[in-house]
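Commentary on secondary and tertiary structure
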Amino acid sequence: MPQITIDGQRIETSAGKTIIEAAQDNGIDIPHFCWHPGLSVSGNCRMCLVNTGFPRKGADGSLERDENGNNVINWGPKLAIACATPVADGMVIDTQGQRTEHAQNAIMEFLLINHPLDCPICDEAGECKLQEYAFLHSKGQSRFNEKKNHKDKRVELGPNVMFDGERCISCSRCIRFADEVAKQPVLTFVQRGDHVTIETFPGTTFDSPYSMNVNDICPVGALTSMDFRFASRVWEMSFTDSICPGCSRGCNIKVGVRNNEILRLEPRTNMHVNEYWMCDDARLTQYKFVNENRVSSPMIRKGNTLVSASWQDATAQAAELLKKFKPSEIMVVGSARATNEDNYLLAKFAHNTLKTNNIDFLRHVDNAFGDNFLRTNDRTPNAHGAAEVGVKHETSGVSMDHLAEKIKQRSIKALYVMDGDIAANSTLTAALSDLDCLIVHASNHNSTTERAHVVLASTTYAELEGTFTNMNKRVQYVQPAVATQDHERIEGMQMSRWDKFGASNDRWARGERRNCHQNWEIVQDIANAFGAGWHYSDSGSVFKDIANHVSAFSGMSYDLLQEYQGLTLGKAGSPEPKGVVYQSNYMKPN
């Protein structure tokens with residue numbers, strides 16, 4: 001393996017890697033605009049120019065040394081771009097010397113010649129590479145006194161992407177992404193020189209299911225999200241690592257929150273799951289239900305009306321109703337949208353407390369949604385995990401396929417549903433009216449809650465701590481990004497500047513804290529009303545119980561899941577290496 005030296009640090013790397021890749025692998029950041037590890041090399045921004053050379057050798061082949069005993073280096077006549085120059089054994093690279101610094105200053109001055117001073121109104125401000133490098137690698141002044149060149153602004157390249165030609169630095173990341181990743185090569189450079197800009201080919205639009213990824217990889221504010229545009233400044237927001245609940249892929253994401261409300265979702269690098277990307281559907285549909293139409297407290301039906309109740313009254317009422325029925329008359333419905341912890345305690349509740357074998361969960365399959373990239377037909381994040389921890393049809397019990405029939409026959413009289421709108425299923429809609437008891441965990445008002453006798457307000461994926469198991473049996477950790485009354489703040493929860501310094505009389509500190517609990521907490525309260533005597537203190541204690549009693553989870557812990565960005569079922573003892581987590585624009589406030 002080649003051995004190279006970067007800024008005095010000796011590194012062993014793999015043959016064929018470029019300088020910038022070797023540096024990234026070893027935690028060394030070389031400034032760059034156009035390079036991205038998920039795209040081909042274009043080498044057109046020149047920001048990654050570095051000084052390269054090799055130790056000088058004498059006529060006898062021995063290394064020449066200076067008066068201090070250091071190797072004398074034969075530096076190359078020109079600087080080399082780190083993104084396209086492969087490493088070679090013995091290569092010496094200087095990323096901080098005078099020649100390199102002079103080149104970086106020159107490139108920044110060139111890029112800023114026609115760049116508009118839009119920072120006060122630009123969505124990218126606070127996470128912009130041009131801003132970062134203007135501070136770190138620029139003289140802070142320009143010799144350009146002429147009028148700036150003006151280009152088209154507010155150009156809709158597609159239904160979700162807005163283009164500002166004046167801000168564009170022509171890095172070509174978006175063009176390469178459309179061609180190589182989205183497989184929709186509709187973007188191109190037009191014109192030349194300082195008039196160059198980006199357009200779609202005539203008669204086309206950039207409407208790929210993955211188009212919004214160009215907003216993330218754009219190093220400046222030239223490409224912005226139509227959904228997030230002018231919604232917030234990033235330093236007013238907190239960004240929390242989470243998992244997308246939109247399908248069984250389990251893409252790693254960051255949840256952007258301001259005033260306890262989600263404003264955007266963006267991808268987070270995980271080379272074992274989604275690499276650097278996520279789909280537009282998830283960005284646009286997997287956060288609004290957290291903010292809107294919420295069940296904000298438990299409710300009990302009195303007559304024909306659901307009225308708010310305390311948690312003590314609601315769980316006591318649920319237990320009292322369930323006690324009226326024989327085990328064989330009760331059906332428990334889990335959820336592929338709930339965590340492993342939630343489903344594990346639900347299965348334990350069904351088998352050990354209610355003594356029923358009637359347990360299953362509703363599948364949510366959309367055959368029109370999946371593709372050959374990230375999206376899958378299973379529109380839930382945890383179908384595999386739910387079955388693994390015990391929520392699955394047993395031969396002696398009732399399955400979801402036969403539930404409507406069993407209700408009509410009066411074999412099933414009570415239904416306990418965890419976090420699912422089963423009334424939306426056409427085969428079950430009419431049958432639910434024949435039930436004597438319907439108890440529902442719900443985060444949002446829906447057609448099932450309208451029919452329920454007890455509604456138990458549950459958290460969404462953005463308000464809980466737990467784990468999901470994706471289609472490839474990878475268990476991944478989820479943590480809260482939005483506060484509730486039950487968990488105002490937990491240790492390690494991300495906070496924005498507004499969160500940290502907002503007072504009770506500040507309008508930005510008044511975001512709603514809903515009176516909702518995690519599903520496993522609700523199940524525990526009802527089980528204890530039956531005399532179960534459970535004492536789980538937090539999600540971690542439930543997961544520890546799973547690891548002790550479900551063999552596939554053996555050896556797993558929240559710490560390991562976070563360290564390795566997930567673990568595969570049955571392979572906790574031999575985790576896949578995490579690798580380099582590349583983040584395009586990384587100077588976000590915490």
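Scoring rules and cut-offs
Residues numbered from 1 in each chain as written. Predicted model: local features only at pLDDT ≥ 70, side-chain atom pairs only at ≥ 80, totals over all residues. Heavy atoms only, no water. Salt bridge = Lys/Arg side-chain N within 4 Å of Asp/Glu carboxyl O. Buried < 20%, exposed > 50% of the residue type's maximum accessible area, 1.4 Å probe, protein only. Helix = DSSP H or I, 4+ residues; strand = E, 2+ residues; numbered from the N terminus. Pairing = 2+ DSSP bridges. Axes fitted to C-alpha atoms, helices over the stretch in contact; angles between N-to-C directions. Parallel < 35°, antiparallel > 145°, perpendicular 65-115°, else oblique. Left-handed = near helix turned anticlockwise from the far one by under 90°. Contact = heavy atoms within 4.5 Å. Nonpolar A, V, L, I, M, F, W, Y, C, P; charged D, E, K, R; others polar.

1. Re the pattern of salt bridges
- Applying the stated rule across the entire model yields 27 salt bridges.
- Residues R56 and E64 are paired through a salt bridge, measuring 3.8 Å at the closest nitrogen-oxygen approach.
- In this structure E64 comes out as partly exposed when scored by relative accessible area, which is 32%.
- Between D241 and R268 there is a salt bridge, and its shortest N-O distance comes to 3.7 Å. With a gap of 27 residues between them, D241 in strand β12 (residues 238–243) and R268 in the loop between β14 (261–267) and α6 (280–285) connect regions that are remote in the sequence.
- Among the residues examined, D241 registers a relative accessible area of 28% and is labelled partly exposed.

2. Things to note about unusual backbone geometry
- Phi at F230 takes a positive value of approximately 60°, unusual for a residue other than glycine.
- Since its relative accessible area comes to 54%, F230 is described here as exposed.
- Of note, the phi angle at N259 is positive, near 55°, even though the residue is not glycine.
- Take N259: it is sitting in the loop between β13 (252–258) and β14.
- Taking the relative accessible area as the measure of exposure, N259 reaches 23% and is therefore partly exposed.

3. With respect to the pairing of β13
- Among the seven residues of β13, six are classified as buried, and the element is accordingly described as predominantly covered.
- Where β12 and β13 come together, six bridges link them in antiparallel fashion. Residue pairing in the sheet places S238 in a bridge with V257 of β13.
- The turn joining β13 and β14, which pair antiparallel and follow one another in sequence, is formed by two residues; a positive phi near 55° is taken by N259.

4. As for the pairing of strand β23 (residues 474–478)
- With five of its five residues buried, β23 lies for the most part within the structure.
- Of the two faces of β23, both are covered, the one formed by R474, Q476 and V478 as well as the one formed by V475 and Y477.
- Linking strand β22 (residues 466–469) to β23, which pair antiparallel, is a turn of four residues; within it K473 sits at a positive phi near 65°.

5. Quick word on the packing of helix α8 (residues 311–322) against helix α13 (residues 519–529)
- The geometry of α8 relative to α13 is characterised by a closest axis approach of 9 Å and an angle of 60° between their N-to-C directions. Considered as vectors, α8 and α13 are oriented oblique to each other. You can see that α8 and α13 cross each other, and the crossing is right-handed. Residue-level contacts link W311, T315, A318, A319 and L322 of α8 to I522, D525, I526 and A529 of α13.
- Partitioned by chemical class, the residues of the contact of α8 with α13 number seven nonpolar, one polar and one charged.

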